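Structural characterization, general
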Amino acid sequence: MGDDIATPAQKSFNPGEPDVVDLGHDVFQIDTKMAGYSGITAGYLIRGSRPCLVETGTAPSAPVVRRALASLGLDAADLATVVVTHIHLDHAGGAGDVAAMYPSAEVVVHQRGARHLADPTRLMASAKMVYGDALDRLFGTMAPVPGDRLRALDDTGTVDLGDGRRLDSHYSPGHAKHHVGLIDSSTGDLYVGDAAGVYIPETDDLRPATPPPDFDLDVALDSLSKFRALQPTRLLFSHYGPVSGVPEILDRSEEEIRVWVEHTRSARNAGLDLDHAVAMVREQTLSRYKAYAPDADPALAEKFDEISGAESTVSGIWHWLDKLDA
């Protein structure tokens, strides 16, 4: 794992061979090789009479996804549906490119995100403000999805997988206002996007994903309660991979959110500014995660920070606290 991750100065996008894992029941995990890393963002193919891709990864990941689908026997005319859990660039940045590669595929997204896939101008401008010069390296440029190829979901909806199998969509906006969870009617797999946080399989670490501007504690916890009620058999994290022991993982997810909110609120009440709060909360939480242990592979900590850095996590909570104060 560590050998696949270069230092920031060395990283360049090198898609390499497709990295595909058979998860059973015609479900395949695809490493989208975000920014040249391995194991950051997963897409999932549900193969059947109406093949469906869940998550596209970034725009530069689109060729990686195409090679992976080709290795699974899919030609350009075969993909029926592309569905994204939300429109953040690491999940849906490649939607326009993938749509162009698979002209028969319908692109499905929650209604609050549909207009941004049709015209990504505002989304890209916002991302540029956040990531600056790192935007191209991390995410590339999102291409628009033709409006007649888009289908916008209400708070609940269904994606037909063929032969009576379906994905049922459930609105889960704690992480972002355009976020949905997707449960497979055949397997009970729940595609959780970022609503349950970020999972590092190498160390079994779980950390919240609470970026600005949409994080809301009560809404995030309500989304987790909704996931519990669905009684999934397995959680498929976009970051990263399948996880069993669903009740325990969802309980850990709730605990992690509460811990970061508590530490951020304490730093704020102590009069710290945001930059100092980020440093303090990061230091206070390091011991929770094996990826930061002294004997851990430093590449894992770097990867963890790339997916779910303390700055983004604390900033989202801080922004929510600002709204409460207002």
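Just so we're clear, the structure is a prediction, and the values are computed from it rather than from any experiment.

Scoring rules and cut-offs
- Residues numbered from 1 in each chain as written.
- Predicted model: local features only at pLDDT ≥ 70, side-chain atom pairs only at ≥ 80, totals over all residues.
- Heavy atoms only, no water.
- Helix = DSSP H or I, 4+ residues; strand = E, 2+ residues; numbered from the N terminus.
- Rg over C-alpha atoms; globule rule 2.2 N^0.38 Å.
- Buried < 20%, exposed > 50% of the residue type's maximum accessible area, 1.4 Å probe, protein only.
- Contact = heavy atoms within 4.5 Å.
- Areas by Shrake-Rupley, 256 points an atom, 1.4 Å probe, with all protein chains shown as cover.
- Lys, Arg positive; Asp, Glu negative; His and termini not counted.
- Charge placed at Lys NZ, Arg CZ, Asp CG, Glu CD.
- Patch = residues over 30% accessible without salt bridge, like charges linked within 9 Å, V, L, I, M, F, W, Y side chains within 5 Å.
- Salt bridge = Lys/Arg side-chain N within 4 Å of Asp/Glu carboxyl O.
- Core = buried A, V, L, I, M, F, W, Y, C linked by side-chain atoms within 4.5 Å.
- Pairing = 2+ DSSP bridges.
- Axes fitted to C-alpha atoms, helices over the stretch in contact; angles between N-to-C directions.
- Polar contact = N/O pair within 3.5 Å; in protein donor to acceptor, adjacent residues only side chain to side chain.

Brief notes about the overall build of the protein
Looking only at helices and strands, one finds eleven helices and 15 strands in the protein. Its C-alpha radius of gyration of 19 Å places the protein within 12% of the 20 Å reference for a compact globule of 326 residues. For the protein, the C-alpha atoms occupy an extent of roughly 60 × 40 × 40 Å along the three principal directions. Within the protein, the fraction of its 326 residues that count as buried is 56%. Of the contacts made within the protein by residues no fewer than 6 positions apart, 70% connect residues no fewer than 24 positions apart. On the protein, roughly 13300 Å² of surface is accessible, and the fraction owed to carbon and sulfur atoms is 49%. Here the protein contributes 29 positively and 49 negatively charged side chains, and the mean placements of these two sets differ by 3 Å.

Quick word on a nonpolar patch on the surface
A contiguous nonpolar surface patch, about 370 Å² in accessible area, is contributed by M129, V130 and Y131. Assignment of secondary structure puts V130 in helix 5 (residues 121–131). Overall, V130 belongs to the exposed group, its relative accessible area being 61%.

Comments concerning the pattern of salt bridges
For the structure shown, the criterion picks out 18 salt bridges. As a salt-bridge pair, R165 and D184 come within 2.7 Å of each other at their nearest N and O atoms. Of the two residues, R165 sits in strand 9 (residues 165–171) while D184 sits in strand 10 (residues 180–184), which places them 19 residues apart along the sequence. For the pair R165 and D184, a shared accessibility class is recorded, and that class is buried. Of the charged contacts, one joins D305 and R207 as a salt bridge, the two residues approaching to 3.5 Å between their closest N and O atoms.

What to know about the nonpolar core
Within the largest apolar cluster, 82 residues are counted, with the highest numbers of intra-cluster contacts made by L79, L117 and F237. At eight residues, the largest contribution of residues to this core is made by helix 8 (residues 246–269).

Observations concerning the sheet that holds strand 6 (residues 106–110)
Read across the open sheet, the seven strands follow the order 1-2-3-4-5-6-7; overall the sheet is mixed. At either margin of the open sheet sits one strand with a lone partner, and together these are strand 1 (20–24) and strand 7 (150–153). Sheet twist, expressed as the mean angle between neighbouring strand axes with direction ignored, is 25 degrees. In this structure, strand 3 (residues 42–46) lies alongside strand 4 (residues 52–54), joined through three bridges in antiparallel fashion. In the strand pairing of strand 4, Y44 is matched with V54. Strands strand 1, strand 2 (27–31), strand 3 and strand 4 of the sheet are contacted by helix 1 (residues 62–71), whose axis makes an angle of about 145 degrees with strand 2. Against the sheet, helix 4 (residues 111–118) contacts strand 6 and strand 7, and its axis sits at roughly 130 degrees relative to strand 6.

Here's the deal with helix 4
Considered for burial, the residues of helix 4 that qualify are G113, A114, H116 and L117. Considering only its buried residues, helix 4 is in contact with helix 2 (89–92), strand 6 and strand 7.

What to know about unusual backbone geometry
Negative phi characterises most residues that are not glycine, and trans characterises most peptide bonds. Residue P213 is bonded to the preceding P212 through a cis peptide linkage, with omega at 5 degrees. Structurally, P213 can be placed in the loop between strand 13 (205–207) and helix 7 (217–230). Of note, the amide linkage connecting H239 to Y240 takes the cis form, showing an omega dihedral of -5 degrees. Considering the arrangement of structural elements, one finds Y240 in the loop between strand 14 (234–237) and strand 15 (241–243). At H25, a position not held by glycine, the phi torsion is positive, near 60 degrees.

Regarding the side chain of R234
Looking at the element boundaries, R234 is found in strand 14. Residue R234 is classed as buried on the basis of its relative accessible area of 15%. Separated by 2.9 Å, the side chains of R234 and D189 make a polar contact. The contacts of R234, once residues within four sequence positions are left out, are L23, G188, D189, L190, P242, V243, S244 and V246.

Focus on the pairing of strand 11 (residues 189–193)
The element strand 11 is largely enclosed, with a buried count of five among its five residues. Neither face of strand 11 is left uncovered, since the one carrying D189, Y191 and G193 and the one carrying L190 and V192 both have all their residues buried. Sheet analysis places strand 10 next to strand 11, joined by two bridges and oriented antiparallel. The residue bridging I183 from the neighbouring strand is L190, located in strand 11. As consecutive antiparallel partners, strand 10 and strand 11 are separated by four residues, and within that stretch G188 has a phi angle of approximately 80 degrees, a positive value.

A word on the sheet that holds strand 9
Strand order in the open sheet formed by six strands is 8-9-10-11-14-15, and the pairing between neighbours is mixed. Each of the sheet's edge strands pairs with one partner strand only, and the pair in question is strand 8 (156–162) and strand 15. Adjacent strand axes in the sheet meet at a mean angle of 25 degrees, parallel and antiparallel pairs treated alike. Bridge count between strand 11 and strand 14: four bridges; the pairing is parallel. Bridging from a neighbouring strand, D189 pairs with R234 of strand 14. In this fold helix 8 packs onto strand 14 and strand 15, with an angle of close to 50 degrees to the strand it touches most, strand 14.

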